[in-house]
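Descriptive structure summary
Listed below, chain by chain, are the residues.
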Amino acid sequence: MAILDEKLHDIYAEVLQRNPGETEFHQAVHEVLDSLGPVVAKHPAYTDAAVLRRLCEPERQIIFRVPWVDDMGRVQINRGFRVEFNSALGPYKGGLRFHPSVYLGIVKFLGFEQTFKNSLTGMPIGGGKGGSDFDPKGRSEGEVMRFCQAFMTELYRHIGEYTDVPAGDIGVGGREIGYLFGQYKRITNRFESGVLTGKGLAWGGSRVRTEATGYGVVFFVNEILRARGDSFEGKQVVISGSGNVAIYAIEKVEQLGGTVVACSDSGGYIVDEKGIDLELLKDVKERRRARIGSYADEPGVSAEFIETGSVWEVPCDIALPCATQNELNGRDAVALADNGATIVAEGANMPCTPEAVRVFAERGIVFAPGKAANAGGVATSALEMQQNASRDSWSFEHTEDRLAEIMRGVHDRCLETADEYGSPGDYVAGANIAGFIQVADAMLALGVI
Ligand code: NDP
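Right, let's walk through the structure included here.

Conventions and cut-offs
- Counting of residues starts from 1 at the beginning of each chain's written sequence and follows it residue by residue.
- Given that this is a predicted model, residues contribute local features only at a pLDDT of at least 70 and side-chain atom pairs are listed and counted only at 80 or more, while totals for whole chains, interfaces and linings are drawn from all residues.
- With hydrogens and water excluded, all non-hydrogen atoms of the structure serve as input to the side-chain values.
- What makes a residue near a molecule or strand is one non-hydrogen atom of that residue sitting within 4 Å of it.
- Two N or O atoms form a polar contact when they lie within 3.5 Å of each other; inside protein one atom must be a possible hydrogen donor and the other a possible acceptor, and for residues adjacent in sequence the pair counts only when both atoms belong to side chains.
- Accessibility throughout is a Shrake-Rupley quantity obtained with a 1.4 Å probe, and a residue counts as covered only by protein chains that appear here.
- Helix and strand labels come from DSSP, where a helix needs a run of H or I of at least four residues and a strand needs a run of E of at least two; each type is numbered from the N terminus.
- Only Asp, Glu, Lys and Arg are considered charged, only Ala, Val, Leu, Ile, Met, Phe, Trp, Tyr, Cys and Pro nonpolar, and every remaining residue, Gly among them, polar.
- By this definition, two strands are paired if DSSP reports at least two bridges between them.
- Here an angle of 0 to 180 degrees is reported between the N-to-C directions of two axes, which are lines fitted to C-alpha atoms, with helices fitted over the stretch in contact.
- By definition in these notes, contact holds between two residues if any of their heavy atoms fall within 4.5 Å.
- Given the number of residues in a helix, its expected span is that number minus one, multiplied by 1.5 Å.
- Burial classes: relative accessible area under 20% of the type maximum marks a residue as buried, over 50% as exposed, and values in between as partly exposed (1.4 Å probe, protein chains only).
- Patch construction takes residues with relative accessible area above 30% that form no salt bridge. Like charges are linked within 9 Å, and nonpolar side chains (Val, Leu, Ile, Met, Phe, Trp, Tyr) are linked within 5 Å.
- Within this document, salt bridges are pairs made up of a side-chain nitrogen of Lys or Arg and a carboxyl oxygen of Asp or Glu, the two lying within 4 Å of each other.
- The nonpolar core is taken to be a set of buried Ala, Val, Leu, Ile, Met, Phe, Trp, Tyr and Cys residues, with the residues joined through side-chain atoms within 4.5 Å.
- For a crossover, the right-handed case is the one in which the path from the first strand over the helix to the second runs clockwise, viewed with the strands pointing away from the viewer.
- Only Phe, Tyr and Trp rings are paired, with Trp represented by its six-membered ring, and only when their centres lie within 6.5 Å; those with planes under 30 degrees apart are stacked, over 60 edge-to-face, the remainder tilted.
- If an angle is under 35 degrees, it is roughly parallel; if it is over 145, roughly antiparallel; if it lies from 65 to 115, roughly perpendicular; otherwise it is oblique.
- If you view the pair so one helix is near and one far, a crossing is left-handed when the near helix is turned anticlockwise from the far one by less than a right angle, and right-handed when it is turned clockwise.

1. Observations concerning the site of the ligand
Lining the immediate surroundings of the ligand are 22 residues, of which Asp169, Thr213, Ser266, Arg291 and Asn349 lie closest. Taking asparagine 244, its main chain carries an N or O atom lying 2.9 Å from an oxygen atom of the ligand. In the environment of the ligand, an oxygen atom lies 2.8 Å from a nitrogen or oxygen atom belonging to the side chain of asparagine 349. Considered on its own, the ligand offers 890 Å² of accessible surface; in the complex 82% of this is hidden by protein. Sorting the residues of the shell around the ligand by element identifies helix 9 (209-227) and helix 10 (244-255) as the ones contributing at least two each. For the shell around the ligand, the class distribution of residues is 5 nonpolar, 11 polar and 6 charged.

Here's what the structure looks like:
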């Protein structure tokens, strides 16, 4: 990791000491502090009011027991989390993740990142994140429903339209949001649409929310290409994951004239030189909830399924990691560079290790960090909140236009800020600084709270 300047180093040391063992949280804090040297030098008020130290401490951290009964009649116990990180700009906003790897350090890294991402969108939303170590894989519909109901039976008292508005993330899609919203409605006796986003269209959801994160990443890359007088036309793209973000990133790349030649899940990856067949992929992953290997088993499909190795060894012009944190390391980054990749944009949260990011810089690969590139999901959640508040429902075209406009704004804000602080073309510095300044100014205005 890069060496921080003295004031920032002390803040980082305090984070390490107060949050032992939370390595993903440490990594996320270090990555932001690494960009903020020129900002604290220029604006001593931030240091005087301990804005950064306050920002590194979540406003509230809730950990709770989630007991539920499986199909065999056995009692199962999971752990639930909600970390309400920062509400200087609006109600806490951020997804829920259901995955066996979830623990406090992952929820805190995600909540911390979310605060800057939400700020970058320019919308009035604070940052939070939550989830559980529950693994939905292999669970029946009934078990998933009972787990969601048990989870919401505690969570409901902490959330609300003006307090904290969760959404989906890994393992939490439309089905889970439905069960969570149903239980919230049952307990509170209120049809409070604005309490969750990612809802179904028939009961308060927004068009484009399902597609938003994947589409948004591709809109962001399209802006990078446009700034260089280029386009997606004829580009080969590799995307990791085959969940919500990956599927809709693939859809938008194909619409813009690129070819996605590989995608993956935690069991391996498929390479289809003719381009991923999106309808088949949706059938395998969304309807059948099967493993990615089944794609290659279909009659008449030319794809190859590879169980070992890394999807980043597949040659491409543009790489979009859309699965999970730290999935693309230094070695993968070297393979991408050797194969001629020119742009990497994070659809997932923190999928590239610090070493990978250093390789991108050394090898001249343009790198767009998740807090900017994947902000389309939360931005469209904010559009869903707007529609709920005004009891309105916008068309697909209008919502997609708003999303594209927001992503253009995030892109331009990153570039302008990077320029202003002496790092032209550096999207990491631009995203961290622009995201920070808006939250920091709001915190100064609101006093020491
Ligand atoms: P999904 O659960 O829909 O999909 C996750 C995908 O990633 C699956 O294909 C999964 O494969 C794969 N995956 C998970 N863990 C690993 C692993 N260790 N190695 C390889 N593949 C893995 O989640 P989303 O698409 O919603 O989220 C993906 C990423 O995008 C996350 O980092 C999330 O935080 C981020 N994100 C999501 C947003 C959203 O709106 N959904 C918004 C902004 C960011 P398998 O099924 O085998 O586990």
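2. Focus on the sheet that holds strand 8 (residues 268-271)
Across the sheet, which stays open at both edges, the 7 strands sit in the order 9-8-7-6-10-11-12 with mixed pairing between neighbours. Each edge of the sheet is formed by a strand with only one pairing partner; in this case those strands are strand 9 (304-306) and strand 12 (366-368). For this sheet, the mean angle separating the axes of adjacent strands, direction not counted, is 15 degrees. The pairing of strand 6 (residues 236-240) with strand 7 (residues 259-265) spans 3 bridges and is classified as parallel. From the neighbouring strand, valine 237 faces strand 7, where its bridge partner is valine 260.

3. Focus: the sheet that holds strand 5 (residues 164-167)
One open sheet holds the 5 strands; their spatial order is 1-2-4-3-5, and the pairing between them is mixed. Whereas interior strands pair on both sides, the edge strands pair on one side only; in this sheet they are strand 1 (60-69) and strand 5. The mean inter-strand angle of the sheet, taken between neighbouring strand axes irrespective of direction, is 20 degrees. Where strand 3 (residues 92-98) meets strand 4 (residues 127-132), 3 bridges bridge the pair, whose relative direction is parallel. Across the sheet, leucine 96 pairs through a bridge with glycine 130, a residue of strand 4. Helix 6 (residues 104-121) contacts strand 1, strand 2 (75-86), strand 3 and strand 4 of the sheet and is inclined by roughly 150 degrees relative to strand 4. Here helix 7 (residues 141-155) sits on the sheet in contact with strand 1, strand 2, strand 3, strand 4 and strand 5, set at roughly 140 degrees to strand 1.

4. Overview of helix 10
Compared with an ideal rise of 1.5 Å per residue, which puts 12 residues at 16 Å, helix 10 spans 17 Å between its outermost C-alpha atoms and is within 8% of the ideal. Counting buried residues along helix 10, 9 of its 12 residues qualify, which places the element largely inside the surrounding structure. Listed in full, the buried residues belonging to helix 10 are Val245, Ala246, Ile247, Tyr248, Ala249, Ile250, Glu251, Lys252 and Val253. Check the buried side of helix 10 and you find it contacts helix 9, strand 6, strand 7, helix 11 (278-287), strand 10 (318-321) and helix 17 (396-420). Among the residues trailing helix 10, glycine 257 stands out with phi positive, at a value near 100 degrees.

5. Digging into a nonpolar patch on the surface
Among the surface-exposed residues, Val69, Val75 and Ile77 lie close enough to one another that they form a single nonpolar patch of about 280 Å² accessible area. In this fold, isoleucine 77 is placed in strand 2. By relative accessible area, which is 53% here, isoleucine 77 ends up exposed.

6. Thoughts on the nonpolar core
By size, the foremost hydrophobic cluster in this structure holds 61 residues, and its most contacted members are Phe220, Ile239 and Leu320. For this core, the leading source of residues is helix 9, giving 9 residues. Residues within four places of isoleucine 239 in sequence aside, it is in contact with Ala246, Ala249, Ile250, Val260, Ala262, Cys263, Ser264, Leu320 and Cys322. Phe25, Tyr46, Phe436 and Val439 belong to the second largest nonpolar core, which has 40 residues in total.

7. Brief notes about the pairing of strand 6
Within strand 6, 4 of the 5 residues are buried, which leaves it mostly tucked inside the rest of the structure. As a crossover connection, the stretch from strand 6 through helix 10 into strand 7 is right-handed. Alignment of strand 6 against strand 10, held across 4 bridges, turns out to be parallel. Counted as the bridge partner of valine 237 is isoleucine 318 from strand 10.

8. What to know about the packing of aromatic side chains
With the rule as written, the count across this model stands at 19 aromatic pairs. Seen in terms of ring centroids, phenylalanine 98 and phenylalanine 147 are 5.1 Å apart; in terms of plane orientation they differ by 90 degrees. Their pairing is edge-to-face. Residue phenylalanine 98 is found in strand 3, and its partner phenylalanine 147 is found in helix 7; the two are separated by 49 residues along the sequence. Since its relative accessible area comes to 1%, phenylalanine 98 is described here as buried. A relative accessible area of 0% means that phenylalanine 147 is categorised as buried.

9. Brief notes about unusual backbone geometry
Backbone geometry places valine 208, a non-glycine residue, at a positive phi of 75 degrees. Its place among the elements puts valine 208 in the loop between helix 8 (174-188) and helix 9.

10. What to know about the packing of helix 9 against helix 17
Helix packing geometry: the angle between the two helix axes and the distance between the axes. With their axes 9 Å apart at the nearest point, helix 9 and helix 17 run at an angle of 50 degrees to one another. If you check the angle between helix 9 and helix 17, you find them oblique. Two packed elements cross with a definite hand, and for helix 9 against helix 17 that hand is right-handed. Mapping the contact onto sequence places Glu211, Ala212, Tyr215, Gly216, Phe219, Phe220, Glu223, Ile224, Arg226 and Ala227 in helix 9 and Phe396, Glu400, Leu403, Ala404, Met407, Arg408, Val410 and His411 in helix 17. Classifying every residue of the contact of helix 9 with helix 17 by side-chain character gives 11 nonpolar, 2 polar and 5 charged.

11. Quick look at the side chain of threonine 399
Within the element layout of this structure, threonine 399 appears in helix 17. You can call threonine 399 buried: its relative accessible area is 0%. A polar atom in the side chain of threonine 399 sits 2.6 Å from the backbone oxygen of serine 395. Once residues lying within four places of it in the same chain are set aside, the contact partners of threonine 399 are Ser206, Arg207, Val208, Thr380, Leu383 and Trp394.

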